[in-house]
Amino acid sequence: MSMTPFRVPVVPTLKKEAFISLYRKGMRIDDRDLFTPRKIEIETGVIEKAEGSALVKLGNTKVLAGVKIEVGTPFKDTPNQGVLTVHAEFVPLASPVFEPGPPDENAIELARVIDRSLREVGAVDLESLVIREGEKVWIVWVDLYVIDHDGNLFDASMLAAMAALRTAKLPDYEEYETGEIEVLKDKSQGPLKINHTVVTVTTAKVGDYIIVDPTLDEETIADSRMVVAIDEQGRIAGLQKTGEAGYTREEIQKVFNISQGAAKVYFKSLEEALARKG
Amino acid sequence: MSMTPFRVPVVPTLKKEAFISLYRKGMRIDDRDLFTPRKIEIETGVIEKAEGSALVKLGNTKVLAGVKIEVGTPFKDTPNQGVLTVHAEFVPLASPVFEPGPPDENAIELARVIDRSLREVGAVDLESLVIREGEKVWIVWVDLYVIDHDGNLFDASMLAAMAALRTAKLPDYEEYETGEIEVLKDKSQGPLKINHTVVTVTTAKVGDYIIVDPTLDEETIADSRMVVAIDEQGRIAGLQKTGEAGYTREEIQKVFNISQGAAKVYFKSLEEALARKG
Amino acid sequence: MSMTPFRVPVVPTLKKEAFISLYRKGMRIDDRDLFTPRKIEIETGVIEKAEGSALVKLGNTKVLAGVKIEVGTPFKDTPNQGVLTVHAEFVPLASPVFEPGPPDENAIELARVIDRSLREVGAVDLESLVIREGEKVWIVWVDLYVIDHDGNLFDASMLAAMAALRTAKLPDYEEYETGEIEVLKDKSQGPLKINHTVVTVTTAKVGDYIIVDPTLDEETIADSRMVVAIDEQGRIAGLQKTGEAGYTREEIQKVFNISQGAAKVYFKSLEEALARKG
Amino acid sequence: MARKDDVTLFREDGTRLDGRRPDEMRPIKMEVGVLDNADGSALVEFGRTKVLAAVYGPREPVQKYIVIPDKAVLRVRYHMAPFSTSERKSPAPSRREVELSKVIREALEPVVLTDQFPRTAIDIFIEVLQADGGTRTTGLTAASLALADAGIPMRALVGGVAVGKIQGRLVLDIDEVEDNYAEADMPVGAAPDIGLITLFQINGVMTREEVMKGLDMALEAINRIVEMEKEVLKSKYMKVEV
Amino acid sequence: MARKDDVTLFREDGTRLDGRRPDEMRPIKMEVGVLDNADGSALVEFGRTKVLAAVYGPREPVQKYIVIPDKAVLRVRYHMAPFSTSERKSPAPSRREVELSKVIREALEPVVLTDQFPRTAIDIFIEVLQADGGTRTTGLTAASLALADAGIPMRALVGGVAVGKIQGRLVLDIDEVEDNYAEADMPVGAAPDIGLITLFQINGVMTREEVMKGLDMALEAINRIVEMEKEVLKSKYMKVEV
Amino acid sequence: MARKDDVTLFREDGTRLDGRRPDEMRPIKMEVGVLDNADGSALVEFGRTKVLAAVYGPREPVQKYIVIPDKAVLRVRYHMAPFSTSERKSPAPSRREVELSKVIREALEPVVLTDQFPRTAIDIFIEVLQADGGTRTTGLTAASLALADAGIPMRALVGGVAVGKIQGRLVLDIDEVEDNYAEADMPVGAAPDIGLITLFQINGVMTREEVMKGLDMALEAINRIVEMEKEVLKSKYMKVEV
């Protein structure tokens, strides 16, 4: 059952007014303009035992993504494809309000939005992950681990997922006469085949303003958010309105303008980090 | 752990006295006599995508039954039989006191009583559900969905289950050389083979009175209830005392008298509805 | 999440002082000295339908162990070994503070300490439990059922586990041409092969004193406990510090002295009980 | 579930496989006060079926919101030990255990004087240690003894036994093998001193005459079971007095 | 997930497999007040998709700690009946159902006047009885009607419909078969009377132009859906008056 | 579990496979204040083992009934990230994680001055980011640093390390490969400044002499670990002062 979340009623109203009066001047509390994401740091290969990994810092938000690749069974209706699974955990060390336990609706929504965007652009070449058609394929697990929450978990998570996938290696294996597959964890067949790259851009609606990459403070006073997935060609590859307010048609146009701009910043940071890596 | 349910202590006592003084005159608040069930409406085929389905209205109580038939593995000790599984959910839209979550003891008891009665009379011809002995059989799922609770969920659920099963179609399938079975959802082999029909009759004990088909108001003030399953031949095909009071031997005799009478009403309604359909 | 357990703050302090002043004289409330376990009663074969079973009374603490042996699949990395699994339940009839539900951290810790000790000494001959290498092996379930809790559940549980295993019989089976295995519950291949015997000795630290086999009253006021597993040769076969205080190096030496002494008492009781039986 | 007609559950002389007459119960053992922590406890055996029951209360429940203002809440858990059955039973409560916890609670509600202890809980924990047929009725009998042992005021003691219909014949106190081949199984619980049947289920097909005949067999046996309960409680009481 | 390019989802005349034009909705049925216990209820059908919604409240929630001091808590459960899908759906809530419960709640938050009922809960239960595409938007429509039927004050009614992109073409109100082969699926919910889009998701790849064109198709359809809602509510209201 | 005797874990010169002497630890890295939201945090690495710890509190717990009138409740969660192990670990807490959460909590109880914060909770979250042996002792070390970083008053800092017995020889700070072939594994946690061993487990068979010798190896190493903790905390403190 989804439930209206509790927000302290008085304080945010004052804060919201203060924020809006800054927005009116095109400014934000952290000296950004309305349309620029925070500083982005992307470090890959941070978990050597994972097939791929990345730590993304988006301002003070930190998300760790780990890619594990294991042998499993394909879905019945796609016998000639590997499997991609995205899972997100909001571990309690990331925020005073996260509680231990199974993923809540926010963590589930995040994982599903990331998962759909990766899937719909065909980010991972699933056809290349077949070991024996209909029987044995590679399962690619993308685990998103939010470790410090200062707003905009979607964009940081997607960058981390993408950076981890782009640097992931496919393990080698041996096939026995019995048909059993043994994964050779220490040997690699080469990089995991990635066909497309996608980012998400989250904007928040605060009063009449649309701002990109909201901090936690801004999310708290925001009316609603829009998460737009965008591929290398600038196409829309997924979208999720999340939050309690509605949007006018005009606001949606504005969201697209802002998102397509910010997407370029994200793509640039990502490609630079990956180029540095090798 | 089963726990004494909470009942408001004062109001029901007054209501109970009022109801009993009516019973003394052979009357009930809804103008029925003590031994007649409420108006019964049975509509089948309400969920086209299910293999069988029925909506039963017993007074204001409404129960939807859906039958799904899938391929599965037989139980080890009955390799030459299909499998019948009954599941009940008291979804929260049915009553202000139902909470979302896994079935509670009442829903589990209801499903198990219905399941046992169907099984014991041999309602579904399980032998006809074998695809490959010991390996592949049809699994018949009967899902009972209580959507409006005004008392006597047992009888309404059993009528719904029976009507859904009696109108259910067995899907056709194709067997591949690999031995795999593909179910052809849009084609049917013909009706699911039903060998016997069974109904349950629920009576409530209120003071010295035994009344048939209690409403929710009557259940609230009842001392106890007896659910008697009865087959086409009038035999007892299952029984469950449910509720907090005990019965004398004489009261049990009386319950059987009343139940065998009411069973005929249920059988008649059921057969008429099925005849209209077929 | 593990949480500091609640203890009433005032009463135990007084009780603790009273207990310590007895310990100072080398005495305990139940007339034992500090280094002697309570009276031990071991009865085996109490559950005829289990492959092995034992009821152990250690003072007023009572633990029932049942061994069930079933056919299953070996672990991938040990294809030529059977499987030993230890599970403990603190059922609510054993203590006013046990609640129904899945095992809590105390029951899990107990099961894991017992399991590790049995495993590390090689108590059960796992190699003798292979039916078809890599495919079918015997799974030995040891279920520990605490039914009366008066302290020192570890030692009573280990004695019960050991007595049940030592008297357990391996079922016979029939293998069909299809490769399926049918267990013949009523026939036995002979005793389960046991290679080593192990006991645990629990001591409690109360102030400056180390006492063996604490009662529940003593556990309540104890600073900490040490569970030492000891094999037939007097070697240390496992250890677990459990409880909220730390130990000095000297205290640990003292714990070993006391534990190795008490282990002999446990071994003697166990062997006598098994000799009586056999 | 298997109902092979080629299995014979009766010998030529009409007795059952274990030598019992159709109306004969298995040997019954009852012991009270077997546990130290519980306020009351009992171990009851019907043949190889062994059930332990313990009672705690009346006490304040941990979850205070469950109390009822004008009486005690009865809480009953029927649970099977993992080693009690032929195949190991997972310790998580099954749907069957959930149902039987309810059925046994409702068999005790008419006899426990819960209105003497408003706003409290009386907890009854039933552990099946060995299952060989008739566990719910053995459990009910053990619960009755444990309640009495705990000094909980009761209108009357209750006892229980199951009647089976096997190859057309009614038999008392069926065991597991008989149950596997029975046409019907009818567990009955009753409080003979107040003339009330408090547990009543039928699983199977019977004529009404068979039901009433079986019910009378059960009630007659329960009379004897409850007399045994009284003996056991009296002898414990007397022992205490000595 | 399957996207076989050899499947044709359009006939030669440009109509869809079921004969609809690209911008044509399936037949819609709406009925309110279908349940007796609920404070408000509605059954809505878009073609073979059938969704039942019920509203309870404003009421005091059982778990009192969830209340909010200055408004009502909206609680929404989107749930699929086990028999609603081709393969039986396990009744335990799936991750998809958890997400859609949130998405639908957030589509209702902007229209329900929750600040009129502080410290209460308004519970909206949505049961998908038959799933043939568009269940979330049909559910949103049913929820809107059930809220109105319960007399909960609202800023505006909402309705929803999904637009799909199939073989490069935009089509309105896609059904399950179309969804299986769609390049993109875009569910939209809106409150036309206050000009707000309150539910908006895209699953798939579209150009920005396609999105805006599809959004306009959806908004135009939602206008008609909300008009139907008003008709149904009016006729029920009038009936009551008679 | 595998203990093949044909595997050699020592080189001819007596050093281990990774070149370490038997009493040599892996390279250790410690960093504090790595997270912004937590009141205190630390990242500690022992070779390839990486553990992150965060502390929140003293704070009022959400579930108010868990408080203790005369001291703070310590709550500890030891948890492994799904990507931390060779085979992906399911995120649901395993029985092992439940046990280790308790063992680590009990290793911290003797040093945290919980009586200074009655009726509050101090929450310690330990996330294993990469597991290569010694995760519980690395986690304990990280927790000690995070507590100090959070400004929680402590009697002393604690540190931990595991000693292994491999092919009859005692070795310090065993890694995963060594652990897989070890005869015994003995994790030790201690607070050298107050002379207390606060975490102590043995998994395997050892003589008493071996245990004491291994314990001394561990305690000597923990002295060094705790000195490193002090250095790291001092340098952070000094940085803040600048």
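Going by the structure above, here's the rest.
Keep in mind that this is a model prediction, so the values were computed, not measured.

**As for the overall build of chain D**
And step 1. A tally of regular secondary structure across chain D gives 4 helices and 9 strands.
And step 2. Scanning chain D from its N terminus toward the C terminus, one meets helices and strands in the order β-β-β-β-α-β-α-β-β-α-β-β-α.
And step 3. Relative to the 2.2 N^0.38 estimate, which gives 18 Å for 242 residues, the radius of gyration of chain D is 18 Å and therefore close to what a compact globule would have.
And step 4. Its C-alpha atoms give chain D principal-axis dimensions of about 55 × 40 × 35 Å.
And step 5. In chain D, the share of contacts with a sequence separation of at least 24, taken over all contacts with a separation of at least 6, comes to 68%.
And step 6. Approximately 9,000 Å² of chain D is accessible, and the part contributed by carbon and sulfur atoms is 51%.

**What about the overall build of chain A?**
And step 1. Secondary structure summary: chain A contains 5 helices and 13 strands in total.
And step 2. For a compact globule of 278 residues, the expected C-alpha radius of gyration is about 19 Å, and chain A comes in at 20 Å, within 12% of that figure.
And step 3. Dimensions of chain A along its principal axes, counting C-alpha atoms only, are 70 × 40 × 35 Å.
And step 4. Split into buried and exposed, the 278 residues of chain A put 59% on the buried side.
And step 5. Partitioning the contacts of chain A with sequence separation of at least 6, the portion at a separation of at least 24 is 68%.
And step 6. Summing over all exposed atoms, chain A offers an accessible surface of approximately 10,900 Å²; the carbon and sulfur share of this is 52%.
And step 7. Distance from the positive charge centre (34 side chains) to the negative charge centre (45 side chains) of chain A: 5 Å.

**Re the sheet that holds strand β8 (residues 184–191) of chain D**
And step 1. Across the sheet, which stays open at both edges, the 8 strands sit in the order β11(B)-β10(B)-β12(B)-β13(B)-β9(D)-β8(D)-β6(D)-β7(D) with antiparallel pairing between neighbours. Edge positions in the sheet fall to β11 (209–212) of chain B together with β7 (169–172) of chain D, since each has one partner strand and no second. The average undirected angle you get between the axes of adjacent strands in this sheet is 20°.
And step 2. As paired strands, strand β10 (residues 198–206) of chain B and β11(B) are joined by 4 bridges and run antiparallel to one another. Bridged to B:V206 within β11(B) is B:Y209.
And step 3. Here helix α3 (residues 153–166) of chain B sits on the sheet and contacts β10, β12 (224–231) and β13 (236–242) of chain B; the angle it forms with β10(B), its principal contact strand, is near 175°.

**Some details on the environment of C:I194**
Residue and element names in this part refer to chain C.
And step 1. Position of I194 relative to the elements: it lies in the loop between β9 (181–191) and β10 (198–206).
And step 2. With 71 residues separating them in the primary sequence, I194 and A123 have C-alpha atoms 5.6 Å apart.
And step 3. Setting aside chain neighbours within four positions, we find I194 in contact with A123, V124, M162, L165 and R166.

**What about the pairing of strand β13 (residues 236–243) of chain A?**
And step 1. In terms of burial, β13(A) is largely enclosed, as 8 of its 8 residues are buried.
And step 2. The pairing of strand β12 (residues 224–231) of chain A with β13(A) spans 7 bridges and is classified as antiparallel. Looking at β13(A), one finds that A:M226 is bridged to A:K241.
And step 3. Count of turn residues in the β12(A)/β13(A) antiparallel hairpin: 4 residues, of which A:G234 carries a positive phi of about 80°.
And step 4. As defined by bridge partners, β13(A) adjoins strand β9 (residues 196–204) of chain E across 2 bridges and the pair is classed as antiparallel. Across the sheet, A:Q240 pairs through a bridge with E:Q201, a residue of β9(E).

**Observations concerning the sheet that holds strand β4 (residues 73–80) of chain F**
And step 1. Read from one edge to the other, the open sheet built from 6 strands follows the order β1(C)-β4(F)-β5(F)-β3(F)-β2(F)-β1(F), with strand pairing classed as mixed. Edge positions in the sheet fall to β1 (2–3) of chain C together with β1 (28–32) of chain F, since each of these pairs with one other strand and no more.
And step 2. The pairing of strand β3 (residues 49–59) of chain F with strand β5 (residues 121–130) of chain F spans 8 bridges and is antiparallel. Looking at β5(F), one finds that F:L52 is bridged to F:E127.
And step 3. Across the sheet, helix α1 (residues 95–108) of chain F lies against β1 of chain C together with β4 and β5 of chain F, angled at about 140° from β4(F), the strand it touches most.

**As for the interface of chain D and chain C**
And step 1. Each side of the interface is counted separately: chain D has 32 residues, and chain C has 31 residues.
And step 2. Roughly 2,600 Å² is buried in total at the junction of chain D and chain C, and carbon and sulfur atoms are behind 56% of that figure.
And step 3. There are 5 salt bridges connecting chain D and chain C.
And step 4. Note that D:K50 and C:E48 form a salt bridge whose closest N and O atoms lie 3.7 Å from each other.
And step 5. Counting across the interface, chain D meets chain C through 20 residue pairs in polar contact (both at pLDDT 80 or more).
And step 6. When contributions to the side of chain D that touches chain C are tallied by element, the ones reaching two or more residues are β3 (49–59), β4 (73–80) and β5 (121–130) of chain D.
And step 7. In terms of residue count, the dominant contributor to the side of chain D that touches chain C is β3(D) (6 residues).
And step 8. Taken together, the residues of the side of chain D that touches chain C sort by class into 16 nonpolar, 6 polar and 10 charged.

**Things to note about the interface of chain B and chain D**
And step 1. Contacts between the two partners involve 41 residues from chain B, matched on the other side by 46 residues from chain D.
And step 2. Contact with chain D buries area across many residues of chain B, yet B:M1, B:T4 and B:E120 alone supply 17% of it, more than any other trio.
And step 3. In this structure, the connection of chain B to chain D is made through 6 salt bridges.
And step 4. Note that D:R105 is salt-bridged to B:E105, the shortest N-O span being 3.4 Å.

**A word on the pairing of strand β2 (residues 40–44) of chain C**
Residues and elements named next belong to chain C.
And step 1. Here β2 shows a clear split, with I40, I42 and T44 buried on one side and none of E41 and E43 buried on the other.
And step 2. Judged from the 5 bridges that link them, β2 and strand β3 (residues 52–58) form a sheet pairing that is antiparallel. The residue of β3 that forms the bridge with E43 is L55.

**Digging into unusual backbone geometry**
And step 1. Cis geometry is adopted by the peptide bond preceding E:P58, which originates at E:G57 and carries an omega value of -5°.
And step 2. Within the secondary structure, E:P58 is located in strand β3 (residues 49–59).
And step 3. Here the phi dihedral of D:Q167 falls at roughly 45°; this positive angle occurs in a residue that is not glycine.
And step 4. Here D:Q167 lies in the loop between β6 (159–166) and β7.

**So, α1(F)**
Within an α-helix, residues lying three or four positions from one another point in the same direction, as the helix has 3.6 residues per turn.
Residues and elements named next belong to chain F.
And step 1. Compared with an ideal rise of 1.5 Å per residue, which puts 14 residues at 20 Å, α1 spans 20 Å between its outermost C-alpha atoms and is within 8% of the ideal.
And step 2. Counting buried positions along α1 gives 11 out of 14 residues, so the element sits mostly inside the fold.
And step 3. Within α1, the full set of buried residues consists of E97, E99, L100, S101, K102, V103, I104, R105, E106, A107 and L108.

What counts and what doesn't
Residues numbered from 1 in each chain as written. Chains lettered and ligands numbered in written order. Predicted model: local features only at pLDDT ≥ 70, side-chain atom pairs only at ≥ 80, totals over all residues. Heavy atoms only, no water. Helix = DSSP H or I, 4+ residues; strand = E, 2+ residues; numbered from the N terminus. Rg over C-alpha atoms; globule rule 2.2 N^0.38 Å. Contact = heavy atoms within 4.5 Å. Areas by Shrake-Rupley, 256 points an atom, 1.4 Å probe, with all protein chains shown as cover. Buried < 20%, exposed > 50% of the residue type's maximum accessible area, 1.4 Å probe, protein only. Lys, Arg positive; Asp, Glu negative; His and termini not counted. Charge placed at Lys NZ, Arg CZ, Asp CG, Glu CD. Pairing = 2+ DSSP bridges. Axes fitted to C-alpha atoms, helices over the stretch in contact; angles between N-to-C directions. Buried area = accessible area lost by both parts, 1.4 Å probe. Salt bridge = Lys/Arg side-chain N within 4 Å of Asp/Glu carboxyl O. Polar contact = N/O pair within 3.5 Å; in protein donor to acceptor, adjacent residues only side chain to side chain. Nonpolar A, V, L, I, M, F, W, Y, C, P; charged D, E, K, R; others polar. Expected span 1.5 Å × (residues − 1).

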